[in-house]
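Remarks on the overall topology
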Amino acid sequence: MKKKNITALILLFMLVISFILPMEQAKAAATLDVQAKAGIAGKAKYQSVVPIQITVKNNGTDFSGDMVINTSSSNQAASAKVLPIDIAAGEEKTFDIYLEGIDSWNADVFAFYEGGIEKGKKVAYKGTKQLQGNLLDPSSVFIYTLTDNSDRLSAFFKLSQLAPQNSVEVFNLKQIKDYTLPEGTQGFAMANVIVIDEIAIADLTQKQQESLLDWVQNGGTLIVGAADQVNATAGIFKDYLPLALSQQMTSVSADSLSKLSGGGKFAHPISVYGATENKGSIPVLTDNNKILASKKKVGSGEIIQTAFSLGDQPLASMDGYPALVSKLINIQKMSQQGGMINGQSPLDQIPYDLRTINELFPSFEVSVGYMLIVIIFYILIIGPILYFILKKIDKREHAWWIIPAISIVLSITLFIFGAKDRIGQPQIQQSAFYKINEDSSVNGYYVESILTNRSGDFVVNADKNTNAFALRNSINFAGVREDLHEISYIKENANGSTLTLRDLSYWSVQSFAGKSVAQNIGKMDIDITLNNEKLTGTIKNNFPFALKDVTLISGIKEVKLGDIEANGTLKVDTELKATVLQKPSDFTNYNFNNYPAKKEDVNPSRIEGMKSMALPLVEDDKKPVITAWADQAIAGVELETSASMSPISYFVQPFEGKVELSGPFTMKRNNFAYSVNQLSPNSYAEKVDEQLNNWRLSDGSYEVSIAMPDKFMNSVQTLNELTVSNKDIDRMQLSIWNNETKNYEPLVDAKQVFTGNIKKYFNDHDELLIEIKFGPDQTGEETRLPDVELKGVAK
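These numbers come from a predicted model, not from an experiment.

Below, the discussion takes up the nonpolar core. The biggest cluster of nonpolar side chains holds 105 residues, and the ones touching the most others in it are I350, I539 and I626. Counting residues in hydrophobic clusters, the runner-up holds 51 residues, among them A44, L99, L212 and L222.

Two elements in contact, helix 4 (residues 254-261) and helix 5 (residues 321-329), have axes separated by 8 Å at closest approach and are oriented at 50 degrees. One way to sum up the angle between helix 4 and helix 5 is to call them oblique. Crossing handedness for the pair helix 4 and helix 5: left-handed. Counting all contacts with helix 4, which are made through L257, L260 and S261, the residues of helix 5 involved are A323, L324 and K327.

Spatially, the eight strands line up as an open sheet ordered 23-26-21-20-34-32-29-30, and their pairing is mixed. Each edge of the open sheet is held by one strand with a lone partner, namely strand 23 (469-470) and strand 30 (557-564). The strands touched by helix 10 (residues 602-614) within the sheet are strand 20 (427-436), strand 30, strand 32 (625-630) and strand 34 (644-654), with strand 34 carrying the most contacts at an inclination of about 35 degrees.

The subject of this paragraph is the environment of P786. You can see P786 is positioned in the loop between strand 46 (783-784) and strand 47 (787-794). Along the primary structure P786 and I729 are separated by 57 residues, whereas in three dimensions their C-alpha atoms are 9.7 Å apart. Filtering out sequence-adjacent residues up to four positions away, P786 remains in contact with Y674, N693, V724, S725, M732, L734, I770 and I772.

Across a regular strand the side chains alternate sides, sitting on one face of the sheet and then on the other. Of the pairings in the sheet, the one linking strand 5 (residues 80-87) to strand 24 (residues 488-493) comprises three bridges and is parallel in character. For A80, the partnering residue across the bridge sits in strand 24 and is Y489. Bridging between strand 24 and strand 25 (residues 496-504) involves six bridges; their strand directions are antiparallel. Residue pairing in the sheet places Y489 in a bridge with T500 of strand 25. Counting the residues in the hairpin turn of strand 24 and strand 25 gives two residues.

What follows is about the environment of F433. For F433, the position within the fold is in strand 20. Separated by 215 residues in the primary sequence, F433 and I648 place their C-alpha atoms 8.5 Å from one another.

This part covers a nonpolar patch on the surface. A cluster of nonpolar side chains, namely I385, F388, I389 and I393, defines an oily patch on the protein surface of about 380 Å² accessible area. With respect to the helices and strands, the residue F388 is situated in helix 8 (residues 368-392).

Let's shift gears to helix 10. Helix length check: helix 10, at 13 residues, gives a terminal C-alpha distance of 18 Å against a target of 18 Å (1.5 Å per residue), a fit within 8%. The set of residues buried in helix 10 consists of V602, S605, R606, I607, G609, M610, K611, S612, M613 and A614.

It is worth spelling out the packing of helix 7 (residues 346-358) against helix 10 at this point. Taken N-terminus to C-terminus, the directions of helix 7 and helix 10 make an angle of 165 degrees; their axes are 9 Å apart at the nearest point. In terms of axis orientation, helix 7 runs roughly antiparallel to helix 10. In this structure, the crossing between helix 7 and helix 10 has a hand that is right-handed. Contacts between helix 7 and helix 10 pair P346, Q349, I350, D353, L354, I357 and N358 from the former with V602, S605, R606, G609, M610 and M613 from the latter.

It is worth spelling out the side chain of N541 at this point. Here N541 shows up in strand 28 (residues 534-541). With a relative accessible area of 0%, N541 lands in the buried category. A distance of 2.9 Å separates a polar side-chain atom of N541 from the backbone nitrogen of F543.

As a general point, the strands of a sheet are linked pairwise by backbone hydrogen bonds and lie either parallel or antiparallel. Here we have four strands laid out as an open sheet, ordered 36-47-41-44, and antiparallel in their pairing. Each edge of the open sheet carries a strand with a single partner, namely strand 36 (664-667) and strand 44 (751-755). Across the sheet, the mean angle from the axis of one strand to that of its neighbour is 20 degrees, orientation sign disregarded. By the bridge criterion, eight bridges tie strand 41 (residues 716-725) to strand 47 in an arrangement that is antiparallel. Across the sheet, T723 pairs through a bridge with E789, a residue of strand 47.

Cut-offs applied
Residues numbered from 1 in each chain as written. Predicted model: local features only at pLDDT ≥ 70, side-chain atom pairs only at ≥ 80, totals over all residues. Heavy atoms only, no water. Core = buried A, V, L, I, M, F, W, Y, C linked by side-chain atoms within 4.5 Å. Buried < 20%, exposed > 50% of the residue type's maximum accessible area, 1.4 Å probe, protein only. Axes fitted to C-alpha atoms, helices over the stretch in contact; angles between N-to-C directions. Helix = DSSP H or I, 4+ residues; strand = E, 2+ residues; numbered from the N terminus. Parallel < 35°, antiparallel > 145°, perpendicular 65-115°, else oblique. Left-handed = near helix turned anticlockwise from the far one by under 90°. Contact = heavy atoms within 4.5 Å. Pairing = 2+ DSSP bridges. Patch = residues over 30% accessible without salt bridge, like charges linked within 9 Å, V, L, I, M, F, W, Y side chains within 5 Å. Areas by Shrake-Rupley, 256 points an atom, 1.4 Å probe, with all protein chains shown as cover. Salt bridge = Lys/Arg side-chain N within 4 Å of Asp/Glu carboxyl O. Expected span 1.5 Å × (residues − 1). Polar contact = N/O pair within 3.5 Å; in protein donor to acceptor, adjacent residues only side chain to side chain.

All we've got here are geometric facts, nothing functional implied.
Set out below in structure tokens:
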């Protein structure tokens, strides 16, 4: 009987298993086939937002869960992206998404979790394992065009000839098959320039227009060509246009076009609209009193508007048109930017320059003196004091349990006292640095470090104007391919995104970083004049919080001016041993990698680190700056649970410094701003020390731009003497650009002195252009760029 019962139970168990196994096998049989393409027309920019088209075909049963993309925005900032998807059996779906970048540090680029990444089951897939694309250098210039006829803008394709050291890629968006104009800012992120040629912006959807405006505010350059009723067709950009065009037409001669383009060949004159500049505009191309193009700052970007049609004949087909476009957008300068700070992506530089200091929490400090007092006190209690008390009450036999009890109580007390800041809630330190823009917006980067009070996952919410990526730790950045989503992942939502930091240890530190933009937050109204080595004027703080350590930086000079309360005004009256006001020098560097000696030094070290990263944000403005900091959190990120917050935001704002010169003056080399442009393919130039003017150059040809301080020429009556000194005559051959003849003139002597008509050697941007032919270099040693000295008389 028992044997029959056992047999029946075995049969029943086998029957149940027979029902369960097919279901599990069927569930595991969901076969997903994934094919993915990266970039636009197969091209993408390294360390930039990249469009990805993913096609998923389900050859098995229904799938409902998460698709994970294991790729990161930089070598150091890395978080997977998670998208919820539902695909029925036999169904095929295509997803157009944007990734913050493509790298090769991770394992399979995709992962699928049925039921969701948090608790679901991982499902195998076949198809694309690594994203492929033609990844170009971050300094590549990407130009998007919106035109109904790409032939009208064929001149833009020839811009690569004028920036030979970098790639210039042109994408005619309306001619790309199956391309839809994005409705999110990320869709334009790879573009440096977007050109609008006789396309009505007002005809785009509201989201598309807003995305374009956000892209400009984040640093993009929008070019709008002239057309009838351009104000009516400008849509959201109507109030941002630099020019007001009339219906009265005039012409610009071929000779004038040649001079404006720097020697381009033009066979015919062109027609231009009569134009007047709107408030805040800066002329770009002018012919006597005729305005051909003007620009206007919008956030950290700009809008360039022309008074001529960008694609009409005969201009569109003339040989000199690419050179004119190059001057219009300053292609040489643009190809040298690439969004880098000292040659690196800010997100790649933050871990080295700022993260280490930001992860030093004051609660880490252990007071040696305090510990010594406690130990001495403990020894006294356990030793003579306890012995005296027990002897007096004749209870010495109880010492065996009293001594351990005192030790335990004292240990618990020490633990609670020393760890009180870490037990209740996590601690956060945020260090952020921003450029202040003319429209009261700020844009920049931040790093935030969490000192955990528990183990497990931590969730960070970021708004639409801020992104957040976990910073890799050395333990998971040793060149080992990894499943990135097992460390951190991002999910987008209607309000922005959430970053989940997975499986953090108890009392550990984890950092994340990102880019942040804040609109209409405030700025400083700066009215400062330099006269006979004295600074006078006012600075008005329009922020709703106090600014601390307000400092003026010009060249290598720094002058601390004081603090300003919210909506307060600071009066400036101090000395500055300088002839001019100029942009900060690159060699304003700080030794921020040394650990602070005590906790009081942590915040000053954070501020020094932020300063070193903030100054390059204004590199292109060629103006002096005012810097300040505030203990305010600006970046739109917040831990989902409550936390003890210690934020510092550092600000840098360029300003128009007024200089009142009188009588004779002498401009030395360090009063000028140097930049080097490679003219030869595969040539190499690296700045070593700006103060000494030392560079590393490979054999080849270079163009050195030596620029005066912004608007300095407005104060000059005459220029009397220009001296150019060749500091490496054995390896350098120099030629100077003559802006009248449009040719380079050889400089034979080691020290060449010019008198007479010196202004002819300065171009329309108040720059000297010197061509260097360097080599042969047998030593590989550093070289010094040419020195210049300029003498004249002020108005």
